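Read off the chains here:
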Amino acid sequence: MLGKQLNSPLLTIDSAAQFCNCRADLAAASSSIPLPNIRFSPSVATSTWTSNLSTKHWILHSTAQIENIITSNEDQSMWEACRQALSAFNFSDEEKDKILGKAFGLVHSPYWGEERQKEVPKLETVNGILDYLRSLNLSDDDLSKLLKKFPEVLGCNLEEELKGNVKILEEQWSIEGKSLRNLLLRNPKVLGYNVDCKGDCIAQCTRCWARF
């Protein structure tokens, strides 16, 4: 009996009518709800709306934090020089600001937690890390992918973290050459690991070898 009721033409038509009425009511209701008047200045924020059939992402990147810190002519010159150092990777100015901002604490990044002190990046620091990464057989295309995935690498300590961690990977895990390149493209955050809780969590998970 239940099966016959579900297949009833009258029930199907009635359900369809109710569905259409429901959609009409929702459309009318949504059109009557006032939306907030939100304005984003190009110098303060860049927004990108990306959508496909299955997902929609709202990405909002604010550079207000950077503008509040980079105020003097000297700081602006240093910032622009570091921007230029990233020109080989075909990033937009907004992407360069985001990478440098996250790397040096000017834009919030969960990677650092509360430990990253805000600082204006120095050209020699940025170039030193880029040159070292290139020495690991990473092409500019590789570096572009790595920096998008892990921009904070530019703010890591070259000697103690990057070089030290590569040495650990080579000596303790026998990971070098092509295998090292593939690992860094897949999990570049290994370059910034600086603690090992050995399973007894110390709440520094983003920088812990236990994630490896």
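Criteria and cut-off values
- Residues numbered from 1 in each chain as written.
- Predicted model: local features only at pLDDT ≥ 70, side-chain atom pairs only at ≥ 80, totals over all residues.
- Heavy atoms only, no water.
- UniProt positions renumbered as here; feature names shortened; annotations may be inferred.
- Helix = DSSP H or I, 4+ residues; strand = E, 2+ residues; numbered from the N terminus.
- Contact = heavy atoms within 4.5 Å.
- Areas by Shrake-Rupley, 256 points an atom, 1.4 Å probe, with all protein chains shown as cover.
- Expected span 1.5 Å × (residues − 1).
- Buried < 20%, exposed > 50% of the residue type's maximum accessible area, 1.4 Å probe, protein only.
- Arc of directions from axis to C-beta.
- Axes fitted to C-alpha atoms, helices over the stretch in contact; angles between N-to-C directions.
- Parallel < 35°, antiparallel > 145°, perpendicular 65-115°, else oblique.
- Left-handed = near helix turned anticlockwise from the far one by under 90°.
- Nonpolar A, V, L, I, M, F, W, Y, C, P; charged D, E, K, R; others polar.

Under an unreviewed UniProt entry, the name given to the protein chain is mTERF domain-containing protein 1, mitochondrial, and the organism recorded is Cajanus cajan. Under the Sequence similarities (unreviewed entry) heading, UniProt states for the protein chain: "Belongs to the mTERF family."

Caption draft 1: A look at the overall build of the protein chain. The secondary structure content of the protein chain amounts to 9 helices and 2 strands. Ordered by position from N to C terminus, the α and β elements of the protein chain give α-α-β-β-α-α-α-α-α-α-α. A fraction of 55% describes how many contacts in the protein chain between residues 6 or more apart in sequence connect residues 24 or more apart. Of the roughly 13,700 Å² that the protein chain leaves accessible, carbon and sulfur atoms contribute 53%.

Caption draft 2: Local environment of helix H6 (residues 123-135). Taking 1.5 Å per residue as the helical rise, H6 with its 13 residues ought to reach 18 Å, and the 18 Å between its terminal C-alpha atoms agrees with that figure. The set of residues buried in H6 consists of Val126, Ile129, Leu130, Tyr132 and Leu133. With its buried residues spanning 160° around the axis, H6 presents them on a single face. Buried residues along H6 sit against helix H4 (73-85), helix H5 (93-103), helix H7 (140-149) and helix H8 (158-173).

Caption draft 3: Just the environment of leucine 154, in detail. Checked against the element boundaries, leucine 154 lands in the loop between H7 and H8. Along the backbone, leucine 154 and leucine 100 are 54 residues apart, and their C-alpha atoms lie at a distance of 7.5 Å. Each residue touching leucine 154, except ones within four places of it in the same chain, is listed here: Leu86, Ile99, Leu100, Ala103, Phe104, Thr125, Val126, Ile129, Leu130 and Leu147.

Caption draft 4: Focus on the packing of H6 against H7. As a packed pair, H6 and H7 sit with axes 10 Å apart at the nearest point and diverge in direction by 120°. As summarised for this structure, H6 and H7 are arranged oblique, according to the angle between their axes. As H6 packs across H7, the resulting crossing turns out to be right-handed. On the side of H6, the interface is formed by Leu130, Leu133 and Arg134, while H7 contributes Asp140, Leu143, Leu146 and Leu147. Residues that form the contact of H6 with H7 fall into these classes: 5 nonpolar, no polar and 2 charged.

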